[in-house]
Each structure stands twice: as structure tokens, then as C-alpha cells.
Amino acid sequence: MSQPRIADGDPLIGEMIVVIDESSPSNTGGGIAYVVTAAAMLSRSMVEAGLSELFQPGRIRPFHWAREGPQARHRMLDIIIDSGVVAVAEYAHVARKGQQSARRSMLGPVTGWAGAQGATHVIIEASDAATMGRDRNTILDHHRGAGGASFAYDWRSKHEQLLWVADAIAGAVGEHITDQNSEWFARLDGASAIELISRAL
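Every chain begins its residue count from 1, and numbering advances along the sequence as written. Given that this is a predicted model, residues contribute local features only at a pLDDT of at least 70 and side-chain atom pairs are listed and counted only at 80 or more, while totals for whole chains, interfaces and linings are drawn from all residues. By convention in this description, side-chain values take in all heavy atoms of the structure and omit both hydrogens and water.

A. Region of the structure containing unusual backbone geometry. A positive phi is found at Asp179, a non-glycine position, where the angle reads about 60 degrees. Non-glycine residue Ser192 carries a positive phi angle of around 55 degrees. Position of Ser192 relative to the elements: it lies in the loop between α6 (183-190) and β6 (194-198). By definition, any uninterrupted DSSP run of H or I lasting at least four residues is a helix, any uninterrupted run of E lasting at least two residues is a strand, and each is numbered from the N terminus.

In C-alpha cells:
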């Protein structure tokens, strides 16, 4: 079986798109807080319209939560809340060397959540070839009992704007669980847009 490829530009399948991204902020006491987020687009067209107006024309750099100022962050959360995005975020406090096993333990369940939401297409932020290969094995293993995943899935770079939604939610969760700033998470939580699950690994 060949390694997964980055599918930037390929057509999206169906209307229920789920995007998956990670965040790994440092803990003040050492190690990291590893977060995997899946966000379901209940209105893909509303999300796409909002993202198309997020920045002034001419900006090339994709949205990245850690690099954005308060204005861009507020506008992104407006898009998420106003369009009815719902998300789940799993997290665990681990040593840096535990990041790989943490990803495996969380990716299966969040893709299971995506299937339960009726996902037609799951997009995972692209990484190196080895990580994407492990991701695929994790998804195959998790859904084997059901005869395979019920949705199409692939890996794409941040040039796929829908991934910005998962990036924002993962970033807000990461800041919250490391006690950096809970303002952004509180907005999502207050809108019932996020389910937070802690894992002991």
C-alpha cells in the first residue's frame, strides 16, 4: 500500500465536512498538552463564505492561531459560532516523546465522532509521510469492526481553508488547558460549540 499523499485541490465529497487538527502547547511544569480536535461543518457554505472574507485580499499566509492577533481570532470564532460548527477536542498532558502515541490514541475516537456526526469527508492536516501513514493505519484499525470508515478521508495542507477552523479550536483549547488564556475557549463553550475530553495516557 502506497503512502498517503497530500490531496490539496481535490474535490470534497458531500456537504458534511469534518476537519481535524492538533495543537501541542507547552505545560508550565514541563512536557506538553497534546490536543486533537475534530470540527463538523453543519453549514459548509456559511463557513466557506465567512473564511473568504476573513482577511483582506492579497494575504497569502494561511490562518494560524498562534500567529494571529485578537481581531482575527475574534472574527474566526464568530464564523465558527455563527455557522453552527460543532467540535470535539481530546487532550492529554504528556512528555514530548509521548506525542506520537497520544496522537494514535485520540485520532481513532475523533474519527469515530466524525462518523457519528454523519461526516461525508474528513480532512486531516497534512504532516510528514510517516505520520500520515500511521494516521491511516489508526483509522483503518478503529473502523475495521464496522467494515471500514463510512466517510472519505485525506490529508491536506493549511491552504485548505476549512482546516483553519480546526486550527482555531485546537489553539483555543490548548491555551485553556495550559492556563494561558481561557477567554477564547469560554466563547466556544458558552455557545455549546465544543466538547472537551481529557485522556489519561
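B. A look at the sheet that holds β6. The rule for pairing is simple: two strands pair if DSSP sees at least two bridges between them. Taken in spatial order, the 6 strands make up an open sheet running β5-β4-β1-β2-β3-β6, and their pairing is mixed. The two strands at the open ends of the sheet, each matched to only one other strand, are β5 (152-156) and β6. With direction set aside, neighbouring strand axes in the sheet form an average angle of 20 degrees. Contact between two residues is taken to exist if any of their heavy atoms lie within 4.5 Å; hydrogens are not considered. To get an axis, a line is fitted to the C-alpha atoms, and for a helix only the part in contact is used. The angle between two axes follows their N-to-C directions and goes from 0 to 180 degrees. Strands in contact with helix α4 (residues 129-143) are β4 (121-125) and β5; relative to β5, the strand with the most contacts, it is inclined by about 160 degrees.

C. Fine view of α4. Counted at 1.5 Å a residue, the expected span for α4 with its 15 residues is 21 Å, and the 21 Å between its end C-alpha atoms agrees. In this structure, the buried residues of α4 make contact with α3 (99-116), β4 and β5. A helix's residues, less one, multiplied by 1.5 Å, set its expected span.

D. Looking closely at the packing of aromatic side chains. By convention, a stacked pair of Phe, Tyr or Trp rings (six-membered ring in the case of Trp) has centres within 6.5 Å and planes under 30 degrees apart, an edge-to-face pair has planes over 60 apart, and any other such pair is tilted. All told, the structure shown has 7 aromatic pairs when counted by the stated rule. Relative to Trp65, the ring of Phe63 has its centre 6.5 Å away and its plane inclined at 55 degrees; by these criteria the two rings are tilted. Looking at Trp65, the relative accessible area reads 3%, which means it is buried. Every member of this aromatic cluster is reached through a ring pair, and the members are Phe55, Phe63, Trp65, Trp164 and Trp184. Put simply, a charge is over a ring when the Lys NZ or the Arg CZ is close to the ring centre, within 6 Å, and near the line of the ring normal, within 35 degrees. Taking NZ or CZ as reference, Arg59 lies 3.5 Å from the ring centre of Phe55, over its face. Burial here depends on accessible area, computed with a 1.4 Å probe over protein chains only, as a share of the maximum for the residue type. Under 20% is buried, over 50% is exposed, and the range in between is partly exposed.

E. Quick look at the pattern of salt bridges. Throughout this description, the term salt bridge denotes a Lys or Arg side-chain nitrogen within 4 Å of a carboxyl oxygen of Asp or Glu. Under the defined criterion, the tally for this structure stands at 16 salt bridges. We note a salt bridge from Glu68 to Arg61, for which the minimum N-O separation is 3.1 Å. Across the pair Arg199 and Glu90 runs a salt bridge whose closest N-O atoms are separated by 2.2 Å. Within this pair, whereas Arg199 is found in the segment after β6, its partner Glu90 is found in strand β3 (residues 86-94), the two being separated by 109 residues in sequence. With relative accessibility at 29%, the residue Arg199 sits in the partly exposed group. Of the residues examined, Glu90 reaches a relative accessible area of 4% and is grouped as buried. One salt-bridge network, held together by shared partners, links Asp21, Glu125, Lys158 and Asp167.

F. Structural detail: the nonpolar core. Here the nonpolar core consists of buried residues drawn from Ala, Val, Leu, Ile, Met, Phe, Trp, Tyr and Cys, with membership extended through side-chain atoms lying within 4.5 Å. Membership of the largest hydrophobic core comes to 39 residues, with the highest contact counts inside it found for Val19, Leu51, Ile80, Val165 and Ile169. Listing elements by their share of this core, those giving two or more residues are β1 (17-23), β2 (32-40), α1 (44-52), α2 (70-82), β3, α5 (163-177) and α6. The biggest single contributor to this core is α5, with 10 residues. Discounting residues that sit within four places of it in the chain, Val165 has contacts with Val19, Ala39, Met41, Val47, Leu51, Ile80 and Val85. Listed in part, the 25 residues of the second largest apolar core include Ile20, Ala38, Ala92 and Ala119.

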